Amino acid sequence: MLSFKIKKLDIFQSYFFGDVEFRNDNYKINIQNQKRGKVLKLPFEINSKKEKMIVRMTGSKDLFVEDYLPYCGQSEWLEIDSDEITYFLADHQDQFDTIEIMDT
């Protein structure tokens, strides 16, 4: 499991942009709706034989939202394109502190 700590996440018109930390390295994050379909891209290469991964955002008081997204390779940023995550995040902004990615 990959676990990213959310450092900052700001809302813009139809997407979220901010900073996350993974193993003491900082990366940019972009979360948006599914304009191009569901997408998960990571800021580094991983070896996974799975085509889809569970992406879960968690916060205090057992708050979470998750979606099953196709892994689309490496990008400069952590990119998450998911209607479920984006719309739930819009209603619960500033309540999440972690993003977990599981290739189960």
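Above this text sits the structure in question.
Quick caveat, the model's predicted, so the values are computed rather than measured. (Residues numbered from 1 in each chain as written. Predicted model: local features only at pLDDT ≥ 70, side-chain atom pairs only at ≥ 80, totals over all residues. Heavy atoms only, no water.)

Draft legend 1. Focus on the sheet that holds strand 4 (residues 39–42). The 8 strands lie next to each other as 1-2-3-7-4-6-5-8, forming a closed barrel whose pairing is mixed. Along the sheet, successive strands turn relative to each other by an average axial angle of 30 degrees, direction set aside. Of the pairings in the sheet, the one linking strand 1 (residues 2–11) to strand 2 (residues 15–22) comprises 6 bridges and is antiparallel in character. In the strand pairing of strand 2, Asp 10 is matched with Phe 17. Of the strands in this sheet, strand 1, strand 2, strand 3 (25–32), strand 5 (52–59), strand 6 (64–74), strand 7 (78–81) and strand 8 (96–102) are in contact with helix 1 (residues 83–91), which crosses strand 6 at around 135 degrees. (Pairing = 2+ DSSP bridges. Helix = DSSP H or I, 4+ residues; strand = E, 2+ residues; numbered from the N terminus. Axes fitted to C-alpha atoms, helices over the stretch in contact; angles between N-to-C directions. Contact = heavy atoms within 4.5 Å.)

Draft legend 2. Layout of the pattern of salt bridges. All chains considered together, the criterion is met by 9 salt bridges. Arg 36 is the salt-bridge partner of Asp 81, the closest N and O atoms lying 2.5 Å from each other. Of this pair, Asp 81 sits in strand 7 while Arg 36 is found in the loop between strand 3 and strand 4, placing the two residues 45 residues apart along the sequence. With a shortest N-O distance of 2.9 Å, Lys 38 and Asp 67 are connected by a salt bridge. Highlighted residues: Lys 38 in the loop between strand 3 and strand 4 and Asp 67 in strand 6, separated in sequence by 29 residues. (Salt bridge = Lys/Arg side-chain N within 4 Å of Asp/Glu carboxyl O.)

Nothing here speaks to function; it is geometry throughout.
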